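Here is how the chains run, residue by residue.
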Amino acid sequence: MACLHLFFFLLAHTNGIPLGHTNVMSRAVPETTMPQLLSDNDAAQKKVSHASRQIPQAIIIGVRKGGTRALLEMLDIHPEIVVAATEVHFFDWDDNYQKGLSWYRDLMPLSYRHQITIEKTPGYFTSPRAPERIHDMNSSVKLLLILRDPTERVISDYTQVYYNRLESHKPVQAFEDVVFKNGALNTKYKAIQRSLYDVHMAKWLQYFSNDQIHIVNGDTLIQNPLPELQKVEHFLCLSPKIMPSNFYFNQTKGFYCMRNEGKERCLHESKGRPHPTVNRTVLDQLRMYFKYLQNMD
């Protein structure tokens, strides 16, 4: 399987018609003249008592700097989805995995029977152990993978590390000095390795079928989120509840923010940081490298 064939196949097949909405019958609440037996607090506690923490039925496995946080927060709009607040790193970090499945479950949010629990840890996609471990947990789990242009993803990866090192008062290197070593492209650079989508996908396909893995186009999600989210709703067998009114474009930030139940929120300020200006020759060589791998098929 040629590296990156997966991503370019995705780009060639993401201009389809957005999924249509279906009518969902709402259940009417019957009126009653019976006296209220429970206080508001008692009713709330009773409702919570019917909730429990569940092992995720769907996992966002990656890719790092592909838009996983945006995808998770946008899916959180759906009333039938609950999401883990942080990256758990259960299946890719040995120390966490040794803590056991009960430890993992306890990190999940409370949910009801009609809801799907989703966690996201981008490190799973490139982990050599995560596919088998997730399969051992639940062989029928659904996996979400968000991909974007491999070259842009490398630059975003570098940018995150660059700002993290600046904030920690650590020395930084220019992008060109990291990507090139001794006059040649540094293909061992971790950011480049993470963009070899087909290499990593091959390991997942050893344990999961194609229909268990849904690929989200990260470039499209940034520009027009609704069609990509409707496809995810369909993949997860959920009724369409995410609407155009849930999004608005923030001119200051330069990307879409979310609106739900009268509240507005945008991604953290660390998201969407400006990329460094990259030498054109270096950028062209990086793109040629990924194109070469694609053409090996």
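Details of the structure are given in the entry above.
Residues numbered from 1 in each chain as written. Predicted model: local features only at pLDDT ≥ 70, side-chain atom pairs only at ≥ 80, totals over all residues. Heavy atoms only, no water.

Trainee: Would you mind going over the packing of helix H3 (residues 68-75) against helix H12 (residues 225-235) with me for this structure?
Mentor: In helix packing, the relevant descriptors are the interaxial angle and the interaxial distance, both defined with respect to the helix axes. In contact at an axis separation of 11 Å, H3 and H12 are set at 70° when each is read in the N-to-C sense. Looking at the two axes, H3 sits roughly perpendicular to H12. For the pair H3 and H12, contact is made by Leu71, Met74 and Leu75 and by Pro225, Leu229 and Val232, respectively. (Axes fitted to C-alpha atoms, helices over the stretch in contact; angles between N-to-C directions. Helix = DSSP H or I, 4+ residues; strand = E, 2+ residues; numbered from the N terminus. Parallel < 35°, antiparallel > 145°, perpendicular 65-115°, else oblique. Contact = heavy atoms within 4.5 Å.)

Trainee: How do you make sense of the sheet that holds strand S2 (residues 58-62) when you look at a structure like this?
Mentor: Paired through backbone hydrogen bonds, the strands of a sheet run either parallel or antiparallel to each other. A sheet is described by the order of its strands in space; here 5 strands give the open sequence S3-S5-S2-S6-S9, paired in parallel fashion. On the outer flanks of this sheet lie strand S3 (81-83) and strand S9 (213-217), each paired with one strand and no other. Sheet twist, expressed as the average angle between the axes of neighbouring strands with direction ignored, equals 25°. Direction of pairing for S2 relative to strand S5 (residues 116-120): parallel, over a ladder of 3 bridges. Residue pairing in the sheet places Ile59 in a bridge with Glu119 of S5. (Pairing = 2+ DSSP bridges.)

Trainee: I'm lost on unusual backbone geometry in this one. Help?
Mentor: Peptide bonds are trans in most cases, and residues, glycine excluded, mostly fall at negative phi. Residue Val63 is bonded to the preceding Gly62 through a cis peptide linkage, with omega at 10°. Tracing the chain through its elements places Val63 in the loop between S2 and H3. Positive phi, close to 55°, is recorded for Asn182, a residue that is not glycine. Counting through the fold element by element, Asn182 comes out in the loop between strand S7 (180-181) and strand S8 (184-185). On the basis of relative accessibility, which here comes to 85%, the residue Asn182 falls in the exposed class. Despite not being glycine, Glu261 shows a phi value in the positive range, around 50°. Among the secondary structure elements, Glu261 is positioned in the loop between strand S11 (255-260) and strand S12 (263-265). (Buried < 20%, exposed > 50% of the residue type's maximum accessible area, 1.4 Å probe, protein only.)

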